[in-house]
Each structure stands twice: as structure tokens, then as C-alpha cells.
Amino acid sequence: MAEKFDNLEEHLEKFVENIRQLGIIVSDFQPSSQTGLNQKLLSWLVIRLQDIEKCRQQLHDINVPLEVFEYIDQGRNPQLYTKECLERALAKNEQVKGKIDTLTVSTAPISIVDRCFPGILLISELGKVFPEEMAKYKAIHGDDPPS
């Protein structure tokens, strides 16, 4: 895959170099050099554009997010897009991990929560407020209130 990109990069560099050379010829234009200019336009530009077209056919399955082009249009480095995507993914990962940790603690059996946080005495407090529900819970889970 990398050689496809290397090939495209090589053809683009040659194209840019040919454009630079044509700029030099045009900036010092003499009517007598019209034939040479026409020949170079035909041979250099057309052939180089055909080479680039051949490379495009090899890379037809590559998708580039539109945001990358926006970065380029703004004069920013497109690699910053990748960096910022990774930073957003890491931030979202931390956020989701926090939610998972919260749900894991809240769905744990009450006796585990009581053991992990002994100062809370959750079962005994719930037993005072909801005696029937706690009796059912203890019957299902077999949890004894802490002593």
C-alpha cells in the first residue's frame, strides 16, 4: 500500500518540478521559444497528468475525511486532524469508562457495596426504610446484614 503512495508522491513531485521549469521559461519568454514551450507543455504536462491519473486508479478505494481537506484549506497540518481525532477518542473513552465504573458499582450486590464502603451501612439503613423489600432481597441473595 505504501508503494502506491510513494508512486503518487513521486509523480506529483515531478509534476511540480515541471510546472516550476515552465514558469521559468514563461517568465523569460521570447517569441522564438514558442515552439519549445508548446513542446514542453505537451510532453511534460500531459504526460505527467496521465501518470497522476494512472496513480489515481490505483488509489480509488482510499477514503479521506472531508475534515482533512478543511484542515489543508485552513493552512493547517493534516496530521493535526489525526492527533485531534485520537485525543477526542481518548476523552470519550475516559468518559465511557467512568460511566461503566459507576454502573458497575451501582449494580453490584448491596453486600459488596457495603463491604467496599463500610461507613455507609447501606443494608441496615435500607432495612429500616424498606423492611419488606430488604427481606426479599436477602432471601434471593442470601446476604446477611453486617454486624
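Residue positions within a chain follow its written sequence, with the count starting from 1. This being a predicted model, a pLDDT of at least 70 is required before a residue's local features are given, and a value of 80 or more before pairs of side-chain atoms are given or counted; all residues contribute to the totals for chains, interfaces and linings. For side-chain calculations, the full set of non-hydrogen atoms in the structure is used, while hydrogens and water are omitted.

This part takes up the overall build of the chain. By the criteria applied, helices consist of DSSP H or I runs no shorter than four residues and strands consist of E runs no shorter than two, each listed in order from the N terminus. Counting secondary structure elements, the chain contains 7 helices and 0 strands. Helices and strands appear in the chain in the N-to-C order α-α-α-α-α-α-α. Each residue is assigned to one of three classes by its accessible area relative to the maximum for its type, calculated with a 1.4 Å probe on protein chains only: buried under 20%, partly exposed between the two thresholds, exposed over 50%. The burial tally for the chain puts 14% of its 147 residues in the buried class. The contact criterion used throughout is that any non-hydrogen atoms of two residues lie within 4.5 Å. The contacts in the chain between residues at least 6 apart in sequence include a share of 43% that link residues at least 24 apart. Calculation of accessible area relied on Shrake-Rupley with a 1.4 Å probe; when residues are assessed, cover is drawn exclusively from the protein chains displayed. Summing over all exposed atoms, the chain offers an accessible surface of approximately 11,500 Å²; the carbon and sulfur share of this is 60%.

Okay, the side chain of Asn18 next. Locating Asn18 in the fold gives a position in helix H1 (residues 2-27). Judged by its relative accessible area of 7%, Asn18 is buried.

It is worth spelling out the nonpolar core at this point. Note on terminology: a nonpolar core comprises buried Ala, Val, Leu, Ile, Met, Phe, Trp, Tyr and Cys residues joined through side-chain atoms within 4.5 Å. Core analysis: the largest hydrophobic core is formed by 5 residues, namely Phe15, Leu22, Leu37, Leu45 and Ile52. Sorting the residues of this core by element identifies H1 and helix H2 (34-58) as the ones contributing at least two each. Take this core: its biggest share by element is 3 residues, from H2. For Leu37, the contacting residues outside a window of four places in its chain are Leu22, Ile25, Val26 and Phe29.

Function-wise, these values are silent; they only describe arrangement.
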